[in-house]
Amino acid sequence: MIFSKIFILVLLLVFACSISSIGLSIEIVEKVEIRDYEGEDLSSIDDFRENSILGPQYVDVKNYRLIVEGLVENQLELSYIDVLDGFESFKKVVTLHCIEGWSVKLLWEGIRLGDLFDSVGIGSDASVVIFHAYDGYTTSLPLDYIINNRLIMAYKMNNVTLPPERGFPFQLVAESKYGYKWIKWITKIELSNDEDFRGYWEIRGYSNDAEISTNQPQTTAFPNFPQSSPQPTPTPLPTFSPIPTPATFPTPSGIISTPSPSSIIEDEQMTSFPFEYIVGGIVVVILGLIVLLLRRK
């Protein structure tokens, strides 16, 4: 009897050593990007050309707040989770046309801006919506256009959470408008009656209307795709203050911290959590119980 108990004890020790050497882990696998939806072929989320004013931005989701202010009845500050959990989600297949001559067709998922505006109460004088981004970029759209077209503010593309370079946490899906209206890294939405407002590119000569030309080539984006449509000539400005870097960009009450790639939300990214110590602890407890049983015998 004593030998059988010793044999069991040895087996348990071998098992514990094996657990430590192998290193058990649990992996949360990232959701796979889809390339077709309800019979429609989709572009890849990698089929973009990087043309943002300061390069990809890395927003700390833990400190992120979306500000909704201006001509509203109640100003809002919402966390990333507040937006996802507080509003109904909608999906749309929409093509983004860049004024440089390329385009991508993707499945976008997000909330309707109309629902967001309903939650704050639209002021009677509001006619324009001004969007502000983490990198200092700005643009605007008529309020009626946003409501009538049921525009969404997306947090997913092709079933994948927006990567940092694609605008995490939120990007505007401004269908029927050129890509410079599809503002990324949205931090503030301001309802206004300033119909003379011009955003970052608009003040440099781009059309404030941004309606897609019927002559615009319908091409799919590829790396180093040549520009087939001339860009507008920027309007020289007498004086213009350079946009500060993300680390020093002023934000309301310091709600956004210095960006860090490691701080991006991990709910759908590949993560690994080691369990060898937990299993080892369980084995030690079992061994202790066996030793107590052997002493009693």
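Quick word on the sheet that holds strand β4 (residues 66-70)
Ordered in space as β5-β4-β13-β8-β9, the five strands form an open sheet in which the pairing is mixed. What marks the edges here is a single partner per strand, and that holds for β5 (76-78) and β9 (138-142). Strand-to-strand twist in this sheet, taken as the mean axis angle between neighbours without regard to direction, amounts to 15°. Pairing analysis gives five bridges linking strand β8 (residues 128-133) to β9, with the strands arranged antiparallel. Counted as the bridge partner of Val128 is Pro142 from β9.

Describing the confidence of the model for the chain
Per-residue pLDDT for the chain has a mean of 77; in total, 64% of the residues score no lower than 70. Taken together, the stretch residues 17-30 has pLDDT below 50 and engages in 27 contacts with residues farther than four places along the chain or on a different chain. Long-range and interchain partners of residues 216-275, a stretch whose pLDDT sits below 50, account for 124 contacts in this model, where long-range means more than four residues apart.

Here we look at helix α3 (residues 113-120)
Leu113, Gly114, Leu116, Phe117 and Val120 are the residues of α3 that are buried. On an axial view of α3, the arc spanned by its buried residues comes to 160°, and they lie on one face. Following α3 by one or two positions, Gly121 adopts a phi angle in the positive range, close to 80°.

The rules behind each value
Starting afresh in each chain, residues are numbered from 1 along the sequence in its written order. Owing to the predicted nature of the model, reporting of local features is limited to residues with pLDDT of at least 70; listing and counting of side-chain atom pairs is limited to 80 or more, with chain, interface and lining totals taken over all residues. Side-chain numbers come from the whole structure's heavy atoms, not from hydrogens or water. A pair of strands is labelled paired if DSSP reports no fewer than 2 bridges between them. Helix and strand definitions follow DSSP, with helices as H or I runs of at least four residues and strands as E runs of at least two, each counted in order from the N terminus. Throughout, an axis means a line fitted to C-alpha atoms (over the contacting stretch in the case of helices), and angles, computed between N-to-C directions, take values from 0 to 180 degrees. pLDDT gives the predictor's per-residue confidence on a scale running from 0 to 100. Two residues qualify as a contact provided that any one of their heavy atoms is within 4.5 Å of a heavy atom in the partner residue. Burial here depends on accessible area, computed with a 1.4 Å probe over protein chains only, as a share of the maximum for the residue type. Under 20% is buried, over 50% is exposed, and the range in between is partly exposed. In this description, one arc is meant: the one made by directions from the helix axis to the C-beta atoms.

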